Amino acid sequence: MYDVAVVGQGPAGGMAALRLAEAGHSVVTFDRKRRVGDPVHCGEGLGKIALKNADYPVGDWAIRSVEGNRIRMPNGKSVGLMSPGYSIHRWGLDQSISDDAVEAGATRHEGVRVTKVNRDKDGWILSSKDGEVAKAKQLVVAEGRVPNIVTQIGLQGNEKLRLLPGLQYKFKREDVDFPDTDYFDFYINPRYADGYIWVFPRNDIFNVGIVATNGAKAGLDYFCREHMSVEPDKRVESEIGHRQNGGLIPRDGPIPIFSTKDAYVVGDAAGLTNPITKGGVHVGMLSGQYAAIAIQNELGTGKLSPPSHSVNCHELRGQYWEKSGKALHPDLESHIWYDRIMKRQPWTQQKFVDQSKLIYSLDKRILNLIGEIYDGNNYSKLPWFKMLGVLVRNPDLLPMAGKLLKIKSSLKVTETYGW
Ligand SMILES: Cc1cc2nc3c(=O)[nH]c(=O)nc-3n(C[C@H](O)[C@H](O)[C@H](O)COP(=O)(O)OP(=O)(O)OC[C@H]3O[C@@H](n4cnc5c(N)ncnc54)[C@H](O)[C@@H]3O)c2cc1C
């Protein structure tokens with residue numbers, strides 16, 4: 001009987017396993033991939049602040065620094081979101097966290113898909129198609145976006161039909177007509193419905209990808225031809241041998257309940273992505289860490305208090321943490337504490353989801369006007385006079401102006417939580 005079983009070794013499950021193994025617990029992990037991290041489902045952009053908040057060191061999987069993000073409107077003008085980041089080898093990050101967990105004492109099974117989870121009086125019984133694979137007192141469900149185990153433990157998973165499809169190609173720098181800058185570029189345009197195109201510079205490669213509900217491949221191929229003057233067939237293989245990568249992303253906010261007695265849902269499995277950027281590595285790592293705190297409390301090696309380095313103890317604490325009520329009672333049951341603390345995070349608030357929907361519902365004209373107003377400035381530095389001028393010339397926008405200004409608070413969360 002292990003103390004903890006973790007299903008899934010992406011960044012969320014990897015982080016939970018690492019922190020629990022470091023605390024001296026017996027941990028067993030499973031991933032259906034033959035090697036953790038391969039294949040990749042990611043654009044491979046990560047905010048530097050993710051590592052700070054998750055207290056995880058940068059490694060050689062981080063291959064290039066960028067200064068921040070530019071949100072580019074259809075007319076080419078941009079709004080800045082200057083949180084610095086890295087272009088990463090995503091397979092490298094996942095392997096690094098999971099390997100660290102193994103080094104700290106976790107037992108890992110790769111190439112094993114957990115198909116069934118039951119409970120008896122002692123704990124959880126995990127099975128694969130070949131029969132029982134482990135027993136554990138506590139369970140972490142980190143299976144990613146498509147619900148399987150989540151529903152077996154009686155919780156509601158992501159709605160499959162609401163997942164957002166993404167696709168990415170890689171091109172050699174010399175094959176494209178595109179400037180090499182130290183920024184992540186995001187192209188918002190109703191042409192890419194409910195999503196956007198990203199261009200992430202790497203060393204000698206560009207990652208170019210899309211999330212969209214109206215045909216990811218068509219949108220991405222169009223962008224490659226029109227904006228980078230490159231035929232999609234010119235794309236190159238990744239370091240681990242894939243000519244494209246993609247997958248589904250939760251975009252509608254988190255699942256209603258994050259945990260049940262002795263079982264914790266983390267990362268994409270819990271719908272935890274940033275609905276604006278759709279990035280989920282950072283909040284996945286954080287949720288894994290919070291689950292580890294709750295489990296340590298349950299197993300008698302820790303207390304129910306947030307990690308001291310976590311961001312909500314500092315910048316955002318006043319805004320969300322304390323406003324949402326008194327400190328959580330230290331005698332709460334561990335799984336209830338986890339559920340409540342997840343619901344207090346800035347990145348799980350409904351208004352964050354609502355404001356992201358507003359951003360992706362804007363038409364071309366409004367996007368272009370926003371681009372004109374900001375014209376390269378950071379989102380936090382609104383040029384008021386310019387904005388008033390635009391409103392005088394476009395009075396029909398007045399009713400919307402208030403709503404648009406509120407988006408700034410969501411961009412602040414994105415800036416603080418990065419990717
Ligand atoms: C195209 C695309 C681009 C993206 N770009 C970015 C980006 O640039 N930055 C960013 O931060 N986020 C990005 N995301 C989102 C990000 O990839 C996810 O939010 C992140 O991977 C979530 O981590 P996780 O650990 O919860 O889940 P995952 O990384 O999906 O890990 C889940 C793991 O569980 C394993 N698994 C699943 N079921 C079982 C089972 N039954 N038994 C055993 N193992 C199982 C899977 O093999 C997988 O390894 C992108 C997503 C997509 C699809």
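As the structure is a computational prediction, the values presented were derived from the model and not from experiment.

> Any chance you could break down the domain arrangement of the protein for me, citing the residues and the numbers?
Domain parsing of the protein yields domain 1 (2-50 + 88-160 + 255-350) and domain 2 (164-249). Look at where the C-alpha atoms of domain 1 and domain 2 centre, and you get two points 30 Å apart. Taken residue by residue, the interface counts 19 residues in domain 1 and 19 residues in domain 2. Roughly 1300 Å² is buried in total at the junction of domain 1 and domain 2, and carbon and sulfur atoms are behind 56% of that figure. The tally of links from domain 1 across to domain 2 stands at 2 salt bridges. Where K170 meets E44, a salt bridge forms, and the shortest distance between an N and an O atom there is 2.7 Å. At the boundary of domain 1 with domain 2, the tally comes to 14 residue pairs in polar contact (both at pLDDT 80 or more). For the side of domain 1 that touches domain 2, a count of residues per class yields 8 nonpolar, 7 polar and 4 charged.

> Explain the UniProt feature "domain: FAD dependent oxidoreductase" (unreviewed entry) in the protein to me, using residue names and the numbers behind them.
Per the UniProt entry, the sites bearing "domain: FAD dependent oxidoreductase" (unreviewed entry) are residues 78-267 in this numbering. Secondary structure over residues 78-267 splits into 16% helix and 37% strand, and the C-alpha atoms at its two ends are 30 Å apart.

> Run through unusual backbone geometry, naming residues and quoting values.
The residue after D38, namely P39, is reached through a cis peptide bond having omega 5°. Positive phi is not limited to glycine here, since D262 has a value of about 65°. Take D262: it is sitting in the loop between β17 (259-260) and β18 (263-265). Look at D375: it is not a glycine, yet its phi comes out positive at around 45°. You can see D375 is positioned in the loop between α10 (364-374) and α11 (384-393).

> Give a description of empty space enclosed by the protein that names residues and reports values.
Over the atoms, a rolled probe matching the size of one water molecule traces out where space is still vacant. Inspection of the entire model under this criterion finds 3 cavities of 30 Å³ or more. What the largest cavity holds in volume is close to 530 Å³. Lining the largest cavity are 33 residues; nearest its centre among them are M73, I370, Y374, I407 and L411. Looking at the lining of the largest cavity, the elements with two or more residues in it are β5 (68-72), β6 (78-81), β13 (183-188), α9 (350-361), α10, α11 and α12 (398-417). Of the residues in the lining of the largest cavity, the class split is 29 nonpolar, 3 polar and 1 charged. Of the volumes computed, that of the second largest cavity is approximately 90 Å³. What lines the second largest cavity is a set of 14 residues, and nearest its centre among them are K170, S238, H242, Q244 and N245.

> Describe the packing of helix α1 (residues 11-22) against helix α6 (residues 281-299), listing the residues and the values that go with them.
Where α1 meets α6, the closest approach of the two axes is 7 Å, and the angle between their N-to-C directions is 35°. Crossing hand, α1 versus α6: right-handed. Within the contact between the two elements, α1 uses P11, A12, M15, A16, R19 and L20 and α6 uses V281, G284, M285, S287, G288, Q289, A292, I295 and Q296. Of the residues assigned to the contact of α1 with α6, the class counts are 9 nonpolar, 5 polar and 1 charged.

The rules we used
Residues numbered from 1 in each chain as written. Predicted model: local features only at pLDDT ≥ 70, side-chain atom pairs only at ≥ 80, totals over all residues. Heavy atoms only, no water. Domains from an automatic or database assignment. Contact = heavy atoms within 4.5 Å. Buried area = accessible area lost by both parts, 1.4 Å probe. Salt bridge = Lys/Arg side-chain N within 4 Å of Asp/Glu carboxyl O. Polar contact = N/O pair within 3.5 Å; in protein donor to acceptor, adjacent residues only side chain to side chain. Nonpolar A, V, L, I, M, F, W, Y, C, P; charged D, E, K, R; others polar. UniProt positions renumbered as here; feature names shortened; annotations may be inferred. Helix = DSSP H or I, 4+ residues; strand = E, 2+ residues; numbered from the N terminus. 1 Å grid on protein atoms, 1.4 Å probe; cavity = no way out; pocket = protein on both sides within 12 Å on 5 of 7 lines; lining within 4 Å. Points joined across faces, edges and corners; volume = space filled by probe spheres on them. Axes fitted to C-alpha atoms, helices over the stretch in contact; angles between N-to-C directions. Left-handed = near helix turned anticlockwise from the far one by under 90°.

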